[in-house]
2 protein chains.
Amino acid sequence: MVTSRDVARLAGVSQSTVSYVMSGRRSISEETRRRVEAAIEQLTYQPNAGARALASQRTQVIGLVIPFAPGVEPSGLLPFIETIASCARAEDHDVILVTADEGSAGLTRLAGRRLCDAIVMMDIGAEDARIPVAASLDVPVILIGVPDDSAGLHCVDVDFDSAGRLAVEEMVAAGHEKVVVIGYAPAVIERNVNYVKRFLGGTASAAVLHGIGHEVVAPDATGREGARGAVRKALEIAGSRPGLILPNSEVQTPHVLQALLDHGLVPGRDVSLVGLCTDAVAETSTPQVTNVSLEPRDVSRRAMSTLFRLLDRRDDPAAELVELVTPRLTRRETTLAVP
Amino acid sequence: MVTSRDVARLAGVSQSTVSYVMSGRRSISEETRRRVEAAIEQLTYQPNAGARALASQRTQVIGLVIPFAPGVEPSGLLPFIETIASCARAEDHDVILVTADEGSAGLTRLAGRRLCDAIVMMDIGAEDARIPVAASLDVPVILIGVPDDSAGLHCVDVDFDSAGRLAVEEMVAAGHEKVVVIGYAPAVIERNVNYVKRFLGGTASAAVLHGIGHEVVAPDATGREGARGAVRKALEIAGSRPGLILPNSEVQTPHVLQALLDHGLVPGRDVSLVGLCTDAVAETSTPQVTNVSLEPRDVSRRAMSTLFRLLDRRDDPAAELVELVTPRLTRRETTLAVP
DNA sequence: TTGAAAGCGCTAACAC
DNA sequence: GTGTTAGCGCTTTCAA
């Protein structure tokens, strides 16, 4: 193994100089820097992560706790993972992965063994048992999602309340007098995640504000049959010119579109449909779905920037604990033109 | 921070005894073990990973290189990640994540900085530029997927050749005289992955063997429209009683089923359809799809067991370099009954 | 069956 | 601007 001593010897400097060249924590003459860098290059030296962590008390690793649901495909988890990994790499950090099935044990291990400098935890339940544990760790923890009580932890999430409001406003603009929200499947409800009530609260209060009707029908399953049933119920309730809002659109969109077509209804002509999904999904459906954006990449980036702010102790105490990413509505083909 | 010295002090033993109690690498009297374990418990001691790695030259971390495709959702990546993480935890190891967009740099970093003891690399191209780099590292590397030249590295994958054969044999059993394979979308072809030719080779040679017709139609896109077009072409080619084989069924299945229904054809009555997908996907479609299993969890488990065999230096040199997991056909609702 | 002590490779005072 | 040196917390000889 090539060590910094080898580099020092080859460059004719002390080991600490090599360290300082790499960290830039003190000024180095141009000549010395050149020689050290040449030696590093020549030996293809890379610092030993364990030794560095031990000496510096910094692992340069971020812990990431992802949901774990064998059988179920938690759609759209990958963009989070990818973005978090990218942001970490941009600051010369790596990502160590822990699955949620470990529960709090994963958290205490990450922190207790000093496997990472900070933790990002996803898929936060409203009353998540891991929150108090996370709050007691001596590494910073960022939540993606907002629990009922964040116990002083930083949270980042989409502003689902605004998302609901935007969707309703689009329906109002399209001239609908009633919106039906095709709610969340039982599996999602069971997970007791906060965004469900936040989104439905957003649609409900916006509907009141604009004086239009508001109903929620919950699919009794995921997949095609669930969507079909929910659409049928929604159409019964809605009467003519229904305005449909579809929260969990990532997976549901194609099924709901198909169900509408089966009823002889063309979205954008006979009904309006506003989805809550990423722009990518909205653009690739046929027809393209008017959507309120749900951008995992934006959320992840915000989380990571907050995290590094905390790590660098540029810890602005004025910073908000809960950061909500404002969604954006993009009108595409599935909403009626303004009458 | 609680260190092993604190534990030693509290238990009234030396630091090395604490270490040996934890590792079990030498015999300890019952009495001493009890005292040490009590102290560990009382102080909630956890060993410092960096220090341990430095002293023992073992990080207890597995590097995992996953594909990176922003925009595209690489369906079915999660089961791999989850299973690999689980298997790692079962051996008290953690997983550090690297995305493929780093290319070879990710590999050299993992090995050079001693961030992990072994590497699992996914999404292997037929002529993957990372293979020679991986082969030159001083940590073991396991590939999930088989490149043209594995450079002596261990590979684990589904036996796509057998998968193709099984699908054709089911069609023969159902009395078809011609099979049409709805091939891979251009995006998959471009990635130049070996399993495409292995699967199509499997169907082709089995068709020859059984003396039945064999055609391949490639969808010109992913998603609904691609599936629709491919099904139309397939039906034109196939004539009556077509037997359709669908390799990339994870994402395509619902679209293909819908396209068939649009043509007034009921799978299992008018046409046969054999998918290549996980049992979970096959079971949850309507109708349930007869499938050749593609079980990421099995593949991942095999990869991890090979990996730990290598790490434990129970390195059986007789072990095969390429391990192919044999798929299994399950007859469900989409194949015709034997006439 | 146990302890003492060296050293893994690095960083960061402290010295000059 | 650079070198010397004392650890970081653990494992593992070596010695008893």
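A quick note: this is a predicted structure, and the numbers were derived from the prediction, not measured.

## So, the sheet that holds strand E4 (residues 141–144) of chain B
Picture the strands of a sheet paired through backbone hydrogen bonds; they go either parallel or antiparallel. Ordered by their spatial adjacency, twelve strands build an open sheet running E11(A)-E5(A)-E4(A)-E3(A)-E1(A)-E2(A)-E2(B)-E1(B)-E3(B)-E4(B)-E5(B)-E11(B), and the pairing between neighbours is mixed. The sheet is open, and its two edges are formed by strand E11 (322–325) of chain A together with strand E11 (322–325) of chain B, each paired on a single side. Put simply, the sheet's adjacent strands are angled 25° from each other on average, direction ignored. Relative to the sheet, helix H6 (residues 104–112) of chain A contacts strand E1 (61–66), strand E2 (94–99) and strand E3 (118–121) of chain A together with strand E2 (94–99) of chain B, its axis offset from that of E2(A) by approximately 150°.

## Some remarks on the relation of the copies chain B and chain A
You can overlay chain B on chain A at an RMSD of 0.1 Å; the transform is a turn of 180° with a shift of 0.0 Å along its axis. Such a combination of turn and shift is consistent with a two-fold rotation axis. Comparing interface residues between copies, 100% of those in chain B also lie at the interface in chain A; the contact surface is shared.

## What to know about the packing of helix H5 (residues 77–90) of chain A against helix H14 (residues 296–311) of chain A
All names here are of chain A. Taken N-terminus to C-terminus, the directions of H5 and H14 make an angle of 35°; their axes are 9 Å apart at the nearest point. Every pair of crossing elements has a handedness; the one defined by H5 and H14 is right-handed. Seen from H5, the contacting residues are Pro79, Phe80, Glu82, Thr83, Ile84, Cys87 and Ala88; seen from H14, they are Pro296, Arg297, Val299, Ser300, Arg301, Met304 and Phe308. Tallied by class, the residues present in the contact of H5 with H14 amount to nine nonpolar, two polar and three charged.

## Examining the packing of helix H11 (residues 223–238) of chain B against helix H12 (residues 249–262) of chain B
Residue and element names in this part refer to chain B. As a packed pair, H11 and H12 sit with axes 8 Å apart at the nearest point and diverge in direction by 50°. In terms of their interaxial angle, H11 and H12 are classed as oblique. For the crossing formed where H11 meets H12, the hand is right-handed. Touching Gly223, Arg224, Ala227, Arg228, Val231 and Leu235 of H11 are Gln252, His255, Val256, Ala259, Leu260 and Asp262, all from H12. The residue inventory of the contact of H11 with H12, partitioned by class, reads six nonpolar, three polar and three charged.

## Observations regarding the protein's contact with DNA strand D
If you check the shell around DNA strand D, you find 28 residues, and the closest are A:Ser27, A:Thr32, B:Ser4, B:Tyr20 and B:Tyr45. Near-protein atoms of DNA strand D (within 4 Å) split between backbone and bases, with sugar and phosphate holding 51%. Between DNA strand D and B:Ser4 there is a distance of 2.5 Å, counted from a phosphate oxygen to a backbone nitrogen or oxygen. Listed by contribution, the elements that provide at least two residues to the surface near DNA strand D are helix H2 (15–23) and helix H4 (49–56) of chain A together with helix H2 (15–23) and helix H4 (49–56) of chain B. Looking at side-chain class alone, the surface near DNA strand D contains ten nonpolar, 14 polar and four charged residues.

## A closer look at the domain arrangement of chain A
Where interface size is given, it is often the accessible area lost as the parts come together that is meant. Parsing chain A into structural domains produces domain 1 (4–51), domain 2 (61–157 + 296–325) and domain 3 (160–294). Averaged C-alpha coordinates put domain 1 of chain A and domain 2 of chain A at centres separated by 34 Å.

## Remarks on the protein's contact with DNA strand C
Neighbouring residues of DNA strand C: 28 residues in total, closest A:Ser4, A:Tyr45, B:Thr17, B:Ser27 and B:Thr32. Between DNA strand C and B:Ser14, the relevant distance is 2.9 Å, taken from a phosphate oxygen to a main-chain nitrogen or oxygen of the residue. Put simply, the parts of the chain that give the surface near DNA strand C at least two residues each are H2 and H4 of chain A together with H2 and H4 of chain B. Of the residues contributing to the surface near DNA strand C, the split by class is ten nonpolar, 14 polar and four charged.

Criteria and cut-off values
Residues numbered from 1 in each chain as written. Chains lettered and ligands numbered in written order. Predicted model: local features only at pLDDT ≥ 70, side-chain atom pairs only at ≥ 80, totals over all residues. Heavy atoms only, no water. Pairing = 2+ DSSP bridges. Helix = DSSP H or I, 4+ residues; strand = E, 2+ residues; numbered from the N terminus. Axes fitted to C-alpha atoms, helices over the stretch in contact; angles between N-to-C directions. Contact = heavy atoms within 4.5 Å. Least-squares fit on C-alpha atoms with pLDDT ≥ 70 in both. Left-handed = near helix turned anticlockwise from the far one by under 90°. Nonpolar A, V, L, I, M, F, W, Y, C, P; charged D, E, K, R; others polar. Parallel < 35°, antiparallel > 145°, perpendicular 65-115°, else oblique. Near = heavy atom within 4 Å. Polar contact = N/O pair within 3.5 Å; in protein donor to acceptor, adjacent residues only side chain to side chain. Domains from an automatic or database assignment.

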